Amino acid sequence: MASLLPMQCVASLSKPGSLIHLRGAASLGINKRNYSSSKKAATSGEYLHQSVVPSMHYQKSLPRLPIPKLEDTVRRYLAAQKPLLDDEQFRTTEKLTQDFQSGVGKQLHEELVAQDKRNKHTSYISGPWSDMYLSARDSVVLNFNPFMSFNPDPKTEYNDQLVRSTNMVCSAVRFMKTLRAGILEPEVYHLNPAKSDTDSFKRFIRWVPSSLSWYGAYMVNAYPLDMSQYFRLFNSSRIPKTGRDELFTDEKARHLLVMRNGNMYVFDVVDKDGNLVEPAEIQSHLKYILSDSAPTAAFPLGVLTSENRDVWAGLRNKLVAAGNAEDLRVVDSALFCLSLDDESMTDHIHISHNMLHGDGCNRWYDKSFSIILTKDGQAAINFEHSWGDGVAVLRFQNEIFKDTTEKPLVHPGSAAAAVDSSSAVRRLQFNLDTEVETGIQTAKENFDSAVSKLTIDALEFKKGGKQQLKKSKLSPDAVAQLAFQMGFLRQYGQTVATYESCSTAAFRHGRTETIRPASVHTQRCAHAFVCEPGQHSVEQFQGLLSECSKYHGQLTREAAMGQGFDRHLFAMKYLANSQGQALHSLYSDPAYTAINHNILSTSTLTSPAVNLGGFAPVVPDGFGVGYGVHDDWIGCNVSSYPDRNVHDFLQCVHKSLEDIFTVLEGKALG
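Residues numbered from 1 in each chain as written. Predicted model: local features only at pLDDT ≥ 70, side-chain atom pairs only at ≥ 80, totals over all residues. Heavy atoms only, no water.

By the naming in an unreviewed UniProt entry, the chain goes by Carnitine O-palmitoyltransferase 2, mitochondrial and is assigned to Champsocephalus esox. Database annotation for the chain, UniProt heading Subcellular location (unreviewed entry): "Mitochondrion inner membrane". Its UniProt record gives the chain a comment under Pathway (unreviewed entry), which states: "Lipid metabolism; fatty acid beta-oxidation." (UniProt positions renumbered as here; feature names shortened; annotations may be inferred.)

Now the structure itself:
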């Protein structure tokens, strides 16, 4: 389970007759997002905007994440298993599930509900989910950290590495200050923005007590989203510990961590009065780092953050014992990490590899997030996954892109401040003994071996997109997911466990739920398209597509409302383990193992700020599928290890999309 959150769909909220997908991390995006954007200008350049409604105004009154009824979980679980098993396997799983439901499962469910009632400040999944991440011992690289790359600045001269990195740092500090001052617009999804995303509504709702404010928003079809993860965005790191890592945050720290050539630098970006340091000074300090002639680090410490967590924990203890505790704390408490790469990017595939993993030396993968900027101004965010599900990261990325492109604080030709950067910028020097140096070399060898096995390829389908699908009354997400099912069937002749992450941020301390896109409907439809293209009429194919779309819409609605089965079964398993109980045989059933071995791990993203997102497969014989359905085209960014052929898979997906759009145009398949 540990690596199953590549990126996130933020929510899917419905009203009669409409299904709204919000896509957001791994893990990613947004299909349709009506951000609140403050009309009122900020009183100073220190802030992005000044929200009329306090940032956390809705937090107290957010509804609690429901625990599904046990019978619903069992029914949904068996429905998801149906396309993956033969009749005999299904009967075995059905019997085990019924035994679980009437015995151990009933008891665990009742205990879970009782425990949840005692912990009304949070959600039933928050603690176990966080514990799962922090207890995982695999490297965070490839297994957990996803990336989201920024679109280039439309004004090409602003993509200069120094100009863009300065503007991004300044905008990031402005975002942080806006958030901490409580004047960042609350995260709200507006189903009817003409009513709820207005100055008059905001002036009204700010006077509604925060214990009732959610209900006020709900009355006008607006859904506030959980913002509890935001405080971990800045000044935060994951700290390796034997057995289970810890999260560390120090909001008092005022400095930025910058990495270049494996060397680590720090300087203050917030002054002692809490104000943004002059942009021209920040530019001067970054210019100093970019022109520093210090050689590439012989023993780059950052590569240790790519190690197995227990190995890294042991080496970190050695670093502390050698007198490096203070400098490690400086790294951990930095606002975030800015990685300045000396390489220029050649294409999308190069960008994906660089932003997902890079060379391991110029990264600190444990920071809550890092902004990576290449020599030619390509930018991306790579983020650590245990503290949150990308909801906060995507909001940050959207705001930073908007701010840097619309209100940049430095410009091409802007003179850097005439300040002594050599005294303001400190290059961190660590005392390394032979054991740590050997550990760094081993970590680099392990890193190189792991990333050498990863292949990434991309597809752009230009013959149709969201507009045409909606005209055909089909869910764009359902069609993309169906294309993956059809593509895999065409390539490998089978239906396999498939995962799509859906955020439950509409609830207090919600994390994610799983949409299970492989169903009896997609199986039937894929088989007709791939194995029997000449045996069905256009109308029959269209009917099959419609069935898939309706069922996927239902699964998405259920997941967004906390009514999936994955988190419920996981929480009961976690509860049994924490009490030292023997696990019911449901959990040792090969079918349970198989449905959690997600060969197709998928996440969707479209956002004005984001060019592409990506993540590695979550199992050795899997695909990591990042995708976006745009107005008139569909894009996929897919990764695999040697067990699978990503190039052929994408050709099969392309053929599937061609067939689907051919049928939608009323033409028979050739």
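From this point, the discussion proceeds with the structure in view.
Colleague: Explanation requested: the overall build of the chain in the structure shown.
Modeller: On a plain count of helices and strands, the chain comes out with 21 helices and 20 strands. Against the globule reference of 26 Å for 670 residues, the chain gives a C-alpha radius of gyration of 25 Å, in line with a compact fold. Along the first, second and third principal axes, the C-alpha atoms of the chain reach 75 × 60 × 55 Å. Within the chain, the fraction of its 670 residues that count as buried is 61%. Accessible area of the chain: about 24700 Å², with a carbon and sulfur share of 51%. Both charge centroids of the chain, one from 69 positive and one from 73 negative side chains, sit 7 Å from each other. (Helix = DSSP H or I, 4+ residues; strand = E, 2+ residues; numbered from the N terminus. Rg over C-alpha atoms; globule rule 2.2 N^0.38 Å. Buried < 20%, exposed > 50% of the residue type's maximum accessible area, 1.4 Å probe, protein only. Areas by Shrake-Rupley, 256 points an atom, 1.4 Å probe, with all protein chains shown as cover. Lys, Arg positive; Asp, Glu negative; His and termini not counted. Charge placed at Lys NZ, Arg CZ, Asp CG, Glu CD.)

Colleague: It is not clear to me how the sheet that holds strand β8 (residues 255-260) should be interpreted in this structure. Could you clarify?
Modeller: Note: strands within a sheet are paired through backbone hydrogen bonds, in either parallel or antiparallel orientation. Ordered by their spatial adjacency, eight strands build an open sheet running β13-β9-β8-β10-β11-β12-β3-β18, and the pairing between neighbours is mixed. In this open sheet, the two strands that pair with only one neighbour each are β13 (426-427) and β18 (610-614). Packing of helix α9 (residues 279-290) onto the sheet brings it into contact with β8, β9 (263-268) and β10 (337-340), and relative to β9 it is tilted by some 165°. Strand contacts of helix α10 (residues 309-333): β8, β9 and β13, with the helix running at about 100° to β8, the strand carrying the most contacts. (Pairing = 2+ DSSP bridges. Contact = heavy atoms within 4.5 Å. Axes fitted to C-alpha atoms, helices over the stretch in contact; angles between N-to-C directions.)

Colleague: Any chance you could explain the UniProt feature "active site" (unreviewed entry) in the chain here in plain terms?
Modeller: The feature "active site" (unreviewed entry), as given by UniProt, occupies His385 in the numbering adopted here. By the element assignment, His385 lies in the loop between β12 (379-383) and α12 (391-406). What makes His385 buried here is its relative accessible area of 0%.

Colleague: Looking at this model, I keep getting lost on the UniProt feature "domain: Choline/carnitine acyltransferase" (unreviewed entry) in the chain. Mind explaining?
Modeller: Under the UniProt annotation, the feature "domain: Choline/carnitine acyltransferase" (unreviewed entry) is placed at residues 65-654. Along residues 65-654 the backbone is 44% helical and 15% strand, and the end-to-end C-alpha distance reaches 38 Å.

Colleague: Explanation requested: the packing of aromatic side chains in the structure shown.
Modeller: Where two aromatic rings form a pair, the distance of their centres and the angle of their planes describe that pair. Applying the stated criterion to the full structure yields 26 aromatic pairs. A centroid spacing of 5.9 Å and a plane angle of 85° characterise the contact between Tyr218 and Tyr223, whose relative ring orientation is edge-to-face. Overall, Tyr218 belongs to the partly exposed group, its relative accessible area being 40%. Take Tyr223: its relative accessible area is 9%, and that puts it in the buried class. The structure contains a cluster of three or more aromatic residues connected by ring pairs, namely Tyr77, Phe100, Phe565, Tyr587 and Tyr592. Lying over the aromatic face of Tyr158, Lys155 brings its terminal NZ or CZ to 4.9 Å of the ring centre. Sitting over the ring of Tyr492, Arg644 keeps its end group 4.4 Å from the ring centre. (Phe/Tyr/Trp six-rings, centres within 6.5 Å; stacked < 30°, edge-to-face > 60°. Lys NZ or Arg CZ within 6 Å of the ring centre and 35° of its normal.)

Colleague: Can you walk me through the side chain of Ser639 in this structure?
Modeller: The topology assignment puts Ser639 in strand β20 (residues 634-640). The exposure class assigned to Ser639 is buried, which follows from its relative accessible area of 2%. Reaching out from Ser639, the side chain makes a polar contact with the backbone oxygen of Phe615 at a distance of 2.7 Å. Those residues in contact with Ser639 that lie beyond four places of it in its chain are Leu454, Thr455, Ile456, Phe615, Ala616, Pro617, Gly622, Phe623, Gly624 and Val646. (Polar contact = N/O pair within 3.5 Å; in protein donor to acceptor, adjacent residues only side chain to side chain.)

Colleague: Help me understand the sheet that holds strand β17 (residues 600-604) in this model?
Modeller: The strand order across the open sheet formed by six strands is β14-β20-β19-β17-β15-β16, and the pairing between neighbours is mixed. Looking at the sheet topology across the chains shown, the edges are occupied by β14 (455-461) and β16 (512-515). In this sheet, adjacent strand axes meet at a mean angle of 25° when their direction is disregarded. In this structure, β17 lies alongside strand β19 (residues 623-629), joined through five bridges in parallel fashion. In the strand pairing of β19, Leu600 is matched with Phe623.

Colleague: Honestly, helix α5 (residues 161-180) in this entry has me stumped. Any pointers?
Modeller: Quick reminder: α-helices carry 3.6 residues per turn. Residues three or four places apart thus point the same way. For α5, which comprises 20 residues, the first-to-last C-alpha distance of 28 Å matches the rise-based estimate of 28 Å (1.5 Å per residue) to within 8%. Counting buried residues along α5, 19 of its 20 residues qualify, which places the element largely inside the surrounding structure. Remark: Gly182 follows α5 within two positions and exhibits a positive phi of approximately 75°. (Expected span 1.5 Å × (residues − 1).)

Colleague: Honestly, the nonpolar core in this entry has me stumped. Any pointers?
Modeller: Grouped burial of nonpolar side chains is what soluble globular proteins tend to show. Counting residues in hydrophobic clusters, the biggest one holds 70 residues, and the most contacted among them are Leu257, Met264, Leu304, Trp364 and Leu569. Apart from the residues within four sequence positions on either side, Leu569 is in contact with Thr73, Tyr77, Phe100, Leu586, Tyr587 and Tyr592. Judged by nonpolar contacts, the second largest core, of 50 residues, contains Cys170, Phe234, Ile400 and Phe401. (Core = buried A, V, L, I, M, F, W, Y, C linked by side-chain atoms within 4.5 Å.)

Colleague: Looking at this model, I keep getting lost on the packing of α5 against α12. Mind explaining?
Modeller: The geometry of a pair of packed helices is captured by two quantities: the angle between their axes and the separation between those axes. For the pair α5 and α12, interaxial distance at closest approach is 9 Å and the crossing angle is 125°. Considering the angle they form, α5 stands oblique to α12. In this structure, α5 crosses over α12, and the sense of that crossing is right-handed. Of α12, the residues touching α5 (which contributes Arg164, Asn167, Met168, Ser171, Ala172, Arg174 and Phe175) are Arg395, Phe396, Glu399, Ile400, Phe401, Asp403 and Thr404. When its residues are assigned to classes, the contact of α5 with α12 shows six nonpolar, three polar and five charged. (Parallel < 35°, antiparallel > 145°, perpendicular 65-115°, else oblique. Left-handed = near helix turned anticlockwise from the far one by under 90°. Nonpolar A, V, L, I, M, F, W, Y, C, P; charged D, E, K, R; others polar.)

Colleague: What am I meant to see in the pattern of salt bridges here?
Modeller: If charged atoms from side chains of opposite charge come close, those side chains can pair. Applying the stated criterion across every chain yields a total of 38 salt bridges. Across the pair Lys202 and Glu185 runs a salt bridge, and its minimum N-O distance is 3.5 Å. Highlighted residues: Lys202 in helix α7 (residues 199-205) and Glu185 in the loop between α5 and β4 (188-190), separated in sequence by 17 residues. A salt bridge links Asp403 to Lys407; the shortest N-O distance between them is 4.0 Å. (Salt bridge = Lys/Arg side-chain N within 4 Å of Asp/Glu carboxyl O.)

Colleague: Help me understand the state of the cysteines, please; the structure alone is not making it clear to me.
Modeller: When the sulfur atoms of two cysteines share a covalent bond, that bond is a disulfide. Counted according to the given criterion, the structure contains zero disulfides. Of the cysteine sulfurs around Cys170, a residue in no disulfide, the closest is that of Cys337, at 17 Å. Using a relative accessible area of 0% as the deciding quantity, one classes Cys170 as buried. (Disulfide = S-S within 2.5 Å.)

Colleague: Could you clarify how one ought to interpret the environment of Gly360 in this entry?
Modeller: Within the element layout of this structure, Gly360 appears in the loop between α11 (348-356) and β11 (369-373). For the pair Gly360 and Leu304, spaced 56 residues apart in sequence, the C-alpha to C-alpha distance is 8.6 Å. Those residues in contact with Gly360 that sit more than four places away from it in its chain are Gly302, Val303, Tyr365 and Phe447.

Colleague: It is not clear to me how the pairing of β18 should be interpreted in this structure. Could you clarify?
Modeller: If a strand is regular, its side chains alternate between the two faces of the sheet. In terms of residue burial, β18 counts as a mostly covered element, since four of its five residues are buried. In terms of strand pairing, strand β3 (residues 147-150) meets β18 through four bridges, oriented antiparallel. Each residue of the ladder has a partner; that of Phe150, found in β18, is Val610.

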